[in-house]
Amino acid sequence: MRVLVVEDFEVLARTIGTGLRREGMAVDIVLNGDDALAHLAETRYDVVVLDRDLPGTPGDDVCRDIAAGGTGSRVLMLTAAGAVRDRVEGLELGADDYLPKPFDFTELVARVRALGRRSAPAVPPILRAEDLTLDPSRRVAFRGGRRLELTPKEFALLECLLAAGDRVMSPEELLERVWDEAADPFTTAVKTTVRRLRAKLGEPPVIETIREGGYRIGVPR
């Protein structure tokens, strides 16, 4: 899941970003509305965690722009203005959800995940391929009944591949979906993570490498 955090209080923004990354999400952070619009023009985000009171372009205008853009990005408005009237105004601007500050981080994660499921094509609640199963909501994966001990990036990469079904995912696409804008486009992170993931998945191999194409779930021929 690709998330944009738009929050002018930098300490809070970094804290949210760190926490969401630990949950396996790719997170970009900006501190004002102008930078938010610039990022949204270049990258398609599943969820935007948006503070309403921003320097530069106001959060309300950013929300309107997202709603009018038709990209499918979902907006979680995160703000200290928590009165019923404020929540109604936020939703009428085009926000998909509204969470007043202060908030519980586990609730924030749950709401971001729920919005992410709405922004993506429908996928089964449990992803399967042969004897491999992955439960995105519980953050657990099993192979042949054995629980897999995966890092957040390994889990996110496996989730992307399983959700794609037979479709081949290029390294560039995986880098965009699993990492964030800080990732070097020439990095070997995808290749290295796939290698570690294959070792943890064991035999028979379940991730197929497509020459000059990328990766998909399937037994190599």
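Residues numbered from 1 in each chain as written. Predicted model: local features only at pLDDT ≥ 70, side-chain atom pairs only at ≥ 80, totals over all residues. Heavy atoms only, no water.

**Remarks on the overall build of the protein chain**
Moving on, step 1. Looking only at helices and strands, the protein chain features eight helices and eleven strands.
Moving on, step 2. By the compact-globule yardstick of 17 Å for 221 residues, the protein chain fits well, its C-alpha radius of gyration being 18 Å.
Moving on, step 3. For the protein chain, the spread of C-alpha atoms along the principal axes amounts to about 60 × 35 × 30 Å.
Moving on, step 4. Residues classed as buried in the protein chain amount to 46% of the 221 residues present.
Moving on, step 5. Expressed as a percentage of contacts within the protein chain between residues at least 6 apart in sequence, the contacts between residues at least 24 apart total 57%.
Moving on, step 6. With the model as given, the accessible surface of the protein chain reaches about 11200 Å², and the carbon-plus-sulfur share is 53%.
Moving on, step 7. Positive and negative charge centroids in the protein chain, built from 32 and 37 side chains respectively, lie 7 Å apart. (Helix = DSSP H or I, 4+ residues; strand = E, 2+ residues; numbered from the N terminus. Rg over C-alpha atoms; globule rule 2.2 N^0.38 Å. Buried < 20%, exposed > 50% of the residue type's maximum accessible area, 1.4 Å probe, protein only. Contact = heavy atoms within 4.5 Å. Areas by Shrake-Rupley, 256 points an atom, 1.4 Å probe, with all protein chains shown as cover. Lys, Arg positive; Asp, Glu negative; His and termini not counted. Charge placed at Lys NZ, Arg CZ, Asp CG, Glu CD.)

**Some details on the side chain of Asp 135**
Moving on, step 1. With respect to the secondary-structure elements, Asp 135 resides in strand 7 (residues 132-135).
Moving on, step 2. For Asp 135, a relative accessible area of 9% corresponds to the buried category.
Moving on, step 3. Within the structure, Asp 135 has its side chain in polar contact with the backbone nitrogen of Arg 138 (distance 3.2 Å).
Moving on, step 4. In contact with Asp 135, other than residues within four places in its own chain, are Pro 125, Ile 126, Val 140 and Phe 155. (Polar contact = N/O pair within 3.5 Å; in protein donor to acceptor, adjacent residues only side chain to side chain.)

**Things to note about the domain arrangement of the protein chain**
Moving on, step 1. Looking at the assigned domains, one finds that the protein chain contains domain 1 (2-117) and domain 2 (127-217).
Moving on, step 2. Each partner contributes to the interface: domain 1 provides 14 residues, whereas domain 2 provides ten residues.
Moving on, step 3. Both faces combined, the contact of domain 1 with domain 2 buries some 970 Å², and carbon together with sulfur accounts for 35% of it.
Moving on, step 4. By the criterion of area lost to domain 2, the three top residues of domain 1 are Arg 2, Gly 24 and Ala 26, representing 41% of everything that side buries.
Moving on, step 5. If you look at where domain 1 meets domain 2, you find one salt bridge.
Moving on, step 6. For Arg 177, the salt bridge goes to Asp 46, with nearest N and O atoms at 2.4 Å. (Domains from an automatic or database assignment. Buried area = accessible area lost by both parts, 1.4 Å probe. Salt bridge = Lys/Arg side-chain N within 4 Å of Asp/Glu carboxyl O.)

**What to know about the UniProt feature "modified residue: 4-aspartylphosphate" (unreviewed entry) in the protein chain**
Moving on, step 1. In the numbering used here, UniProt assigns the "modified residue: 4-aspartylphosphate" (unreviewed entry) feature to Asp 51.
Moving on, step 2. Position of Asp 51 relative to the elements: it lies in strand 3 (residues 47-51).
Moving on, step 3. Of the residues examined, Asp 51 reaches a relative accessible area of 5% and is grouped as buried.
Moving on, step 4. Contacts of Asp 51, omitting those with residues within four sequence positions, involve Val 6, Glu 7, Asp 8, Gly 59, Leu 78, Thr 79 and Lys 101. (UniProt positions renumbered as here; feature names shortened; annotations may be inferred.)

**Points about the packing of helix 6 (residues 152-164) against helix 7 (residues 171-178)**
Moving on, step 1. Interaxial distance between helix 6 and helix 7 falls to 10 Å at its minimum, and their mutual angle equals 125 degrees. Taken together, the axes of helix 6 and helix 7 are oblique relative to one another. For the pair helix 6 and helix 7, the crossing hand works out as right-handed. Residues Lys 153, Ala 156, Leu 157, Cys 160 and Leu 161 of helix 6 touch helix 7, and the partners they reach there are Leu 174, Arg 177 and Val 178. (Axes fitted to C-alpha atoms, helices over the stretch in contact; angles between N-to-C directions. Parallel < 35°, antiparallel > 145°, perpendicular 65-115°, else oblique. Left-handed = near helix turned anticlockwise from the far one by under 90°.)

**Structural notes on the side chain of Thr 133**
Moving on, step 1. Relative to the helices and strands, Thr 133 resides in strand 7.
Moving on, step 2. With residues up to four places along the chain from it excluded, the contact list for Thr 133 reads Ile 126, Leu 127, Arg 128, Val 140, Ala 141 and Phe 142.

**Here's the deal with the environment of Leu 91**
Moving on, step 1. If you trace the backbone, Leu 91 turns up in helix 4 (residues 84-93).
Moving on, step 2. Assessed through its relative accessible area of 44%, Leu 91 is described here as partly exposed.
Moving on, step 3. Residues Leu 91 and Leu 50, spaced 41 residues apart in sequence, show a C-alpha to C-alpha distance of 12 Å.
Moving on, step 4. Beyond its immediate sequence surroundings of up to four residues, Leu 91 is in contact with Asp 96 and Asp 97.

**What about unusual backbone geometry?**
Moving on, step 1. Geometrically, the link from Lys 101 to Pro 102 is a cis peptide bond, its omega value of -5 degrees lying close to zero.
Moving on, step 2. The phi dihedral of Arg 139 falls on the positive side, at around 60 degrees, and the residue is not glycine.
Moving on, step 3. Position of Arg 139 among the secondary structure elements: in the loop between strand 7 and strand 8 (140-143).
Moving on, step 4. Note on Arg 139: relative accessible area 22%, which makes it partly exposed.

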